[in-house]
Amino acid sequence: MSTRSTVILGTGAYAPRRVLTNEDLAHTVDTSDEWIRTRTGIRERRIAGEGENTSDMGVAAAKAALADAGLVPADIDLLVVATVTPDMPMPAAACMIQHKLGVPTTAACFDLNAACSGFIYALDTASAMLTSGRYTKALVIGVEKLSAVVDWKDRTTCVLFGDGAGAVVMGLGAEPGRGLLGTKLGAFGESVDLLCIPRGGSAAPATVESLANGGHFIKMKGKEVFKVAVRAMDEAARDILEQHQLRADQIALVIPHQANLRIIEAISEYLELPMERFFVNLERYGNTSAASIPLALDEARRSGRIKPGDVTLLVAFGAGLTYGSALIRW
Ligand code: UT7
C-alpha cells in the first residue's frame, strides 16, 4: 500500500436556478407537500434549465472548485466524472467537460458509474491514480441531470430526485495522516433490479414501445432500497471507522448521501451519533445521486462546518446497489 496521501485542495458546487417545490409537484401528480416532507424530508429540488446539460453543471462546479484551490484548468491531468446521466451515452461527459473547461488534451478523462455512491468511488479512483505518481492534480466531479430520466407521472419517484453538481480538486499531500485517510467500497449486484433504468441500454435498446411504456425512466422499489440503504451505510461507516481505529464520536461531521432524512436519522441512531453531527441539505435539493455528497461537502466547508484537523465521514449507497464510505482529515 502506498504511504503517500492525497488531499482535497478545493471544493465547488452548482445548482440550477429553477426551484421545483413540493407544492408545484402536487399540481401535476397525486401527492402533497405533507407526504413528501414527512416521508423524505424534501421540500424542493432544482431542475436544470432549457439546454442546460450535465456537462454545463459539471463545468460550473469545477470552476468553483478550481478557484477555491487557486488552480487553473491547465493544472489538471486527471478528470473523473461520477454520473449516471451523461449528456450522451457516448462519449463520456468528462470529455465534454474537459473541452468546455479547457483542461489539457494530455489529461486522462473518463466517467464512472456507481450511481449515488459514484463520488466516493471517484475519490478512491482519483486518489489511487494520484498516489501511483503518474498524475499530479485531479478534478473529481459528481453531477446529475436526473430530471431527464425521471418519469414525471410516477409519484413514487418523481418527488425524490433533483439536478446539481459538486466538485473537488485533489492533489498529493505533504503530511501523512492528513487528507483522504481511506475508503471502503462495495456492491450488492444481486439487487440491480431494485433501482434501475431498464430500457435504452444494449440489452434492450429503446423502441417505440419501450418509450411509450416509460422503460427509459428510473424504476425503483423504494421500500426494499430503503432497507438495504440503512444496512449498507451503517456497515460501510462502521467498517471504515474500525479500519482506522476511530470511534464514531471522533467524527466531527458525517456527510451522508442525501436521499431521505429518515435514512440519515436511522444511521444516526445506529451509530449513536447525534443528528447535529450529520450535514443535511436534502430539503433544498432532493436526491441528486452522484452530486449529492460533493454538493453537501462544499456547503459544509463554506458554512464553516469543517475545521482544520476535523475528521469527516462520507457515506453513500445507490443503484447497483453500490455503497461506499470515506474518511477525510482536514
Ligand atoms: O439514492 C438511492 C435512491 N433511493 C432511495 O433512497 C429510496 C429509498 N426509499 C425511500 O426513500 C422510501 O421508501 C420512499 C420515500 C421512496 C417511499 O416511502 P415509504 O415510507 O417507503 O412509502 P411506501 O412506498 O411504503 O408508500 C406508502 C404509501 C403508498 O400507498 P398505500 O399503498 O399505503 O396506499 C404509496 O402508494 O404512500 C403512497 N405514495 C405516495 N403518496 C403521496 C408513494 N409515493 C407517494 C407520493 N405522494 N409521492
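Please read these numbers as outputs of a predicted model, since none were measured by experiment.

Criteria and cut-off values
Residues numbered from 1 in each chain as written. Predicted model: local features only at pLDDT ≥ 70, side-chain atom pairs only at ≥ 80, totals over all residues. Heavy atoms only, no water. Core = buried A, V, L, I, M, F, W, Y, C linked by side-chain atoms within 4.5 Å. Buried < 20%, exposed > 50% of the residue type's maximum accessible area, 1.4 Å probe, protein only. Helix = DSSP H or I, 4+ residues; strand = E, 2+ residues; numbered from the N terminus. Domains from an automatic or database assignment. Contact = heavy atoms within 4.5 Å. Near = heavy atom within 4 Å. Polar contact = N/O pair within 3.5 Å; in protein donor to acceptor, adjacent residues only side chain to side chain. Areas by Shrake-Rupley, 256 points an atom, 1.4 Å probe, with all protein chains shown as cover. Nonpolar A, V, L, I, M, F, W, Y, C, P; charged D, E, K, R; others polar. Patch = residues over 30% accessible without salt bridge, like charges linked within 9 Å, V, L, I, M, F, W, Y side chains within 5 Å. Salt bridge = Lys/Arg side-chain N within 4 Å of Asp/Glu carboxyl O. Lys, Arg positive; Asp, Glu negative; His and termini not counted. Charge placed at Lys NZ, Arg CZ, Asp CG, Glu CD. Pairing = 2+ DSSP bridges. Axes fitted to C-alpha atoms, helices over the stretch in contact; angles between N-to-C directions. Buried area = accessible area lost by both parts, 1.4 Å probe. Phe/Tyr/Trp six-rings, centres within 6.5 Å; stacked < 30°, edge-to-face > 60°.

Before going further, it helps to examine the nonpolar core. Counting residues in each nonpolar core, the largest one holds 47 residues, and the members touching the most others are Ile251, Phe317 and Leu327. Going through the elements one at a time, α8 (222-243), α9 (261-270), β12 (311-318) and β13 (322-329) are the ones with two or more residues in this core. Broken down by element, the residue count for this core peaks at ten residues, all from α8. When we break this core down by domain, the ones giving at least three residues each are domain 1 (5-174) and domain 2 (180-329). Setting aside anything within four residues of it in sequence, one finds leucine 327 in contact with Gly179, Leu180, Leu181, Gly182, Ile240, Leu241, His244, Leu246, Ile251, Val311, Thr312 and Leu313. Counting 35 residues, the second-largest nonpolar core is a separate cluster that includes Ile120, Leu180, Leu314 and Ala326.

The local shell around the ligand holds 23 residues, among which Thr31, Arg39, Lys223, Asn260 and Asn287 are the closest. Glycine 222 is positioned with one of its backbone polar atoms (N or O) 3.0 Å from a nitrogen atom of the ligand. Contact with the protein chains hides 74% of the accessible area of the ligand, taken as 950 Å² for the molecule alone. Looking at the shell around the ligand, the elements that each hand over two or more residues are α2 (33-40), α6 (155-158), α8 and α9. The biggest single contributor to the shell around the ligand is α8, with four residues. Along the lines of polarity and charge, the residues of the shell around the ligand split into eleven nonpolar, seven polar and five charged. Mapped onto the domain boundaries, the shell around the ligand takes at least three residues apiece from domain 1 (5-174) and domain 2 (180-329).

A cluster of like positive charges, contributed by Arg39, Lys223, Lys227 and Arg262, occupies part of the molecular surface. Within the element layout of this structure, lysine 227 appears in helix α8. Residue classification places lysine 227 among the exposed residues on the basis of a relative accessible area of 59%.

If you walk through the whole model with that rule in mind, you get eleven salt bridges. Across the pair arginine 301 and aspartate 68 runs a salt bridge, and its minimum N-O distance is 2.6 Å. In this pair, arginine 301 sits in helix α11 (residues 292-302) while aspartate 68 sits in helix α3 (residues 54-69), placing the two residues 233 residues apart along the sequence. A single salt-bridge network, built from bridges that share partners, covers Glu283, Arg284 and Glu299.

Right, let's talk about the sheet that holds strand β1 (residues 6-14) for a bit. Across a sheet, strands are paired by hydrogen bonds formed along the backbone, either parallel or antiparallel in direction. If you walk across this open sheet you meet the five strands as β1-β7-β6-β4-β5, and the pairing is mixed. The open sheet has two edge strands, β1 and β5 (108-112), and neither has a second partner. Strand-to-strand twist in this sheet, taken as the mean axis angle between neighbours without regard to direction, amounts to 15 degrees. When strand β6 (residues 137-145) meets strand β7 (residues 163-172), the two strands line up antiparallel, connected through nine bridges.

Below, the discussion takes up the domain arrangement of the protein chain. When cut into domains, the protein chain gives domain 1 (5-174) and domain 2 (180-329). Placing the centre of domain 1 and that of domain 2 at their C-alpha centroids yields a distance of 14 Å. Counting from both sides, the interface comprises 52 residues of domain 1 and, opposite them, 44 residues of domain 2. For the pair domain 1 and domain 2, the two sides together bury roughly 3700 Å², of which 64% comes from carbon and sulfur. Among the residues domain 1 hides against domain 2, the three largest losses belong to Cys116, Ile120 and Tyr121. Together they make up 18% of the total. Our count for the domain 1 to domain 2 interface comes out at 23 residue pairs in polar contact (both at pLDDT 80 or more). Partitioning the side of domain 1 that touches domain 2 into residue classes produces 26 nonpolar, 16 polar and ten charged.

Let us now look at the packing of aromatic side chains. Applying the stated rule across the entire model yields one aromatic pair. Seen from their ring centres, phenylalanine 188 and tyrosine 323 are 5.3 Å apart, and the 35 degrees between their planes marks the pair as tilted. A residue pair is termed long-range when its members are at least 10 positions apart, and phenylalanine 188 in the loop between β8 (179-187) and β9 (195-196) and tyrosine 323 in strand β13 qualify at 135 residues. By relative accessible area, which is 17% here, phenylalanine 188 ends up buried.

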